[in-house]
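Close look at the chain arrangement
For reference, the chains in residue letters:
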Amino acid sequence: MILCLLLCVKISQVKIKAMIRGLKPVMAILIFTAVLNLFFTPGEKILWEFGFLKISDIGIQTAVFMVLRILLLIMGTFLMTYTTSPIALTDGLENLLNFLKKIHAPVHEMAMMMSIALRFIPTLIEETDKIMSAQKARGADMESGNIMQRAKAMIPILVPLFISAFRRADELATAMECRCYHGGEGRTKLHILKYARRDYTALTLGICVCVGVFILGRLNL
């Protein structure tokens, strides 16, 4: 999987420094996962012991394995978002799930909801920052106290955030109705996606990787 990811990074021409820089927000999760698996995974061969803390050979192996798994997952996600726009991603998902239309599944509507959700993530983050700044300017303290006190301090942020999100959703629905949007039936597209040879090659390689991972997992290698 590491070799596969490095090959994808090489083909995409995304700098590895940019992907490593994106790992900073999840370093706490990686450290917590490593410590938890290192000290609390039982094993036959104990390498170090202090009270209830024990480091075994299986613990080291599990800690390294879990950290690598999370790193590959996050870096693979970064690579996809760096090289594929949300609109292209949702269009590709809709095109891939076109066969579900035969059973009257709302494929276009699901792809549209995914596109809108991805589009409004930065907007909601910006709105949250504005609300937090406004609450702090009014003397709100959201960083001191225990867990319950911090959770209660988040209520003045969540309430206006939900109200703002519902208001934006209502405005978006009104705007779509004014533009005569009625779902995917009878709609055309400016850019029509078509499979090329490289798409089939990438799909075949992805299936081979998945099959290889499944077989190695069954063999316990």
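Structure: above.
The text that follows walks through the structure, step by step, so that each part is easy to find. (Residues numbered from 1 in each chain as written. Predicted model: local features only at pLDDT ≥ 70, side-chain atom pairs only at ≥ 80, totals over all residues. Heavy atoms only, no water.)

1. Brief notes about the overall build of the protein
Helices and strands together make up the secondary structure of the protein, namely 9 helices and 2 strands. Counting from the amino terminus, the protein carries its helices and strands in the arrangement α-α-α-β-β-α-α-α-α-α-α. Compactness check: the protein gives a C-alpha radius of gyration of 24 Å against a globular reference of 17 Å for 221 residues, more than 25% above the reference. Seen through its C-alpha atoms, the protein measures out along the principal axes to roughly 70 × 60 × 35 Å. Across the 221 residues that make up the protein, the buried fraction comes to 18%. Summarising the internal contacts of the protein: among those between residues at least 6 apart in sequence, 56% fall at separations of at least 24. Of the roughly 17300 Å² that the protein leaves accessible, carbon and sulfur atoms contribute 68%. (Helix = DSSP H or I, 4+ residues; strand = E, 2+ residues; numbered from the N terminus. Rg over C-alpha atoms; globule rule 2.2 N^0.38 Å. Buried < 20%, exposed > 50% of the residue type's maximum accessible area, 1.4 Å probe, protein only. Contact = heavy atoms within 4.5 Å. Areas by Shrake-Rupley, 256 points an atom, 1.4 Å probe, with all protein chains shown as cover.)

2. Focus: the environment of Leu73
Mapped onto the elements, Leu73 comes out in helix α4 (residues 57-83). Sequence-wise, Leu73 and Glu127 are 54 residues apart; in three dimensions their C-alpha atoms are separated by 28 Å.

3. Considerations on the environment of Leu89
As for its placement among the helices and strands, Leu89 is situated in helix α5 (residues 86-96). A sequence separation of 89 residues divides Leu89 from Cys178, and the C-alpha atoms of the two residues are 26 Å apart. Apart from the residues within four sequence positions on either side, Leu89 is in contact with Met80, Thr84, Met114 and Leu118.

4. Side note on the layout of surface pockets
Counted as a void, the largest pocket has a volume near 2300 Å³. Forming the boundary of the largest pocket are 41 residues, of which Cys4, Cys8, Met80, Ala202 and Gly206 lie nearest the centre. Only α1 (2-12), α4, α5 and α9 (197-219) provide two or more residues apiece to the lining of the largest pocket. With 12 residues, α4 is the single largest residue contributor to the lining of the largest pocket. Residues belonging to the lining of the largest pocket are distributed by class as follows: 25 nonpolar, 12 polar and 4 charged. (1 Å grid on protein atoms, 1.4 Å probe; cavity = no way out; pocket = protein on both sides within 12 Å on 5 of 7 lines; lining within 4 Å. Points joined across faces, edges and corners; volume = space filled by probe spheres on them. Nonpolar A, V, L, I, M, F, W, Y, C, P; charged D, E, K, R; others polar.)

5. Section: the pattern of salt bridges
For the structure shown, the criterion picks out 2 salt bridges. In this structure, Lys130 engages Glu126 in a salt bridge whose closest nitrogen and oxygen atoms are separated by 3.7 Å. Here Lys130 pairs with Glu126, and both are found in helix α6 (residues 107-137), just 4 residues apart, close to one helical turn. (Salt bridge = Lys/Arg side-chain N within 4 Å of Asp/Glu carboxyl O.)

6. Notes on the nonpolar core
By size, the foremost hydrophobic cluster in this structure holds 9 residues: Leu5, Val9, Val14, Met19, Leu23, Val26, Ile74, Met75 and Leu79. Among the elements of the structure, α1 and α4 are those that each provide at least two residues to this core. Ranked by residue count, the leading element in this core is α4, at 3 residues. Counting 5 residues, the second-largest nonpolar core is a separate cluster that includes Ile131, Met142, Ala153 and Leu161. (Core = buried A, V, L, I, M, F, W, Y, C linked by side-chain atoms within 4.5 Å.)

7. Overview of the packing of aromatic side chains
In this structure the tally under the stated criterion is 1 aromatic pair. Each ring, one from Phe78 and one from Tyr82, has its centre 6.1 Å from the other, and the planes form 25 degrees; the classification is stacked. Within this pair, Phe78 and its partner Tyr82 are both found in helix α4, separated by 4 residues, close to a single helical turn. Look at Tyr82 and you get partly exposed, because its relative accessible area is 42%. Looking at Arg119, its charged tip hangs above the ring of Phe120, at a distance of 5.4 Å from the centre. (Phe/Tyr/Trp six-rings, centres within 6.5 Å; stacked < 30°, edge-to-face > 60°. Lys NZ or Arg CZ within 6 Å of the ring centre and 35° of its normal.)

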